[in-house]
Amino acid sequence: MSIITRNTGMFPTLMNEFFKPDWFGGSENYVSTLPAVNIKEDDMGFHLELAIPGRNKNDFNVEVDNDVLTISMESKTEDEKKEENYTRREFSYSSFRRSFTLPETVNSDKIKASYKEGILHLDLPKKEEALPKPKRMIEIGK
């Protein structure tokens, strides 16, 4: 396999402009990416935040199978505009799937998820035996 570079300079050539795949605009500038993820750990567990704006909580699937946490989403929209002498239909499909291998310290039965203001939050609590033990005093014997 060889690497192909594309010249996306400031002044594209006339041929590139003429032979673009979409003369009507819309799909050329579309770039699909995975949502950004922040992972934080504290004494009580792990906290994941995925930036996925413009959705609702029913769009997501969150599942755990064999200590693998999988977060996925799939959506499709269809938009049709009719005016005097033309019709334009646009279809949009988007999906993603992210998987994370859970550490042995996570209690997978108590994972909670919520979606608020474009951020999908997941709380992965640690098992009781993985939590830090409180400080205790040890008496000195004779």
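The rules we used
- Residues numbered from 1 in each chain as written.
- Predicted model: local features only at pLDDT ≥ 70, side-chain atom pairs only at ≥ 80, totals over all residues.
- Heavy atoms only, no water.
- Helix = DSSP H or I, 4+ residues; strand = E, 2+ residues; numbered from the N terminus.
- Buried < 20%, exposed > 50% of the residue type's maximum accessible area, 1.4 Å probe, protein only.
- Areas by Shrake-Rupley, 256 points an atom, 1.4 Å probe, with all protein chains shown as cover.
- Polar contact = N/O pair within 3.5 Å; in protein donor to acceptor, adjacent residues only side chain to side chain.
- pLDDT = per-residue confidence, 0-100.
- Contact = heavy atoms within 4.5 Å.
- Pairing = 2+ DSSP bridges.
- Axes fitted to C-alpha atoms, helices over the stretch in contact; angles between N-to-C directions.
- Phe/Tyr/Trp six-rings, centres within 6.5 Å; stacked < 30°, edge-to-face > 60°.
- Lys NZ or Arg CZ within 6 Å of the ring centre and 35° of its normal.

(A) Seen up close, the overall build of the chain. Per the secondary structure count, the chain includes one helix and seven strands. Secondary structure elements of the chain occur, N-terminal to C-terminal, as α-β-β-β-β-β-β-β. Within the chain, the fraction of its 142 residues that count as buried is 19%. When the accessible surface of the chain is summed, it comes to about 12,600 Å², and 51% of that surface belongs to carbon and sulfur atoms.

(B) Local environment of the side chain of Ser94. Checked against the element boundaries, Ser94 lands in strand S5 (residues 86-101). Looking at Ser94, the relative accessible area reads 16%, which means it is buried. A polar side-chain atom of Ser94 sits 3.1 Å from a polar atom in the side chain of Arg55.

(C) Quick look at the confidence of the model for the chain. Mean pLDDT for the chain: 79, with 77% of residues reaching 70 or above. When mean pLDDT is taken per element in the chain, strand S7 (residues 119-125) scores highest with 95 and helix H1 (residues 14-18) scores lowest with 54. With pLDDT under 50 throughout, residues 23-31 is counted as low confidence; its partners more than four residues away or in other chains account for nine contacts.

(D) The arrangement of the sheet that holds strand S3 (residues 60-65) in detail. As summarised here, the arrangement of the three strands in space is S3-S4-S5, forming an open sheet in which the pairing is antiparallel. What marks the edges here is a single partner per strand, and that holds for S3 and S5. Ignoring which end each strand starts from, the neighbouring axes of this sheet average 15° apart. Judged from the 16 bridges that link them, strand S4 (residues 68-83) and S5 form a sheet pairing that is antiparallel. Note that in S5 the partner of Lys82 across the bridge is Thr87.

(E) Representation of the sheet that holds strand S6 (residues 112-116) in the model. Pairing in this open sheet of four strands is antiparallel, and the strands run S1-S2-S7-S6 from one edge to the other. Edge positions in the open sheet fall to strand S1 (37-41) and S6, since each of these has one partner strand only. Taking each pair of neighbouring strands and ignoring which way they run, the sheet shows an average axis angle of 15°. Relative to S7, S6 runs antiparallel, the two sharing five bridges.

(F) Representation of the packing of aromatic side chains in the model. The full count for this structure, using the stated rule, is one aromatic pair. With 5.1 Å between their ring centres and 50° between their planes, Phe60 and Tyr115 make a pair best called tilted. One end of the pair, Phe60, is in strand S3; the other, Tyr115, is in strand S6, and 55 residues separate them in sequence. A relative accessible area of 19% places Tyr115 in the buried class. One cation-aromatic arrangement involves Lys126 over Phe46; the distance from NZ or CZ to the ring centre is 5.7 Å.

(G) Region of the structure containing unusual backbone geometry. Even without a glycine there, the phi angle at Asn66 is positive, about 55°. Along the chain, the position of Asn66 falls in the loop between S3 and S4. One non-glycine residue with positive phi stands out, namely Glu117, at about 55°.

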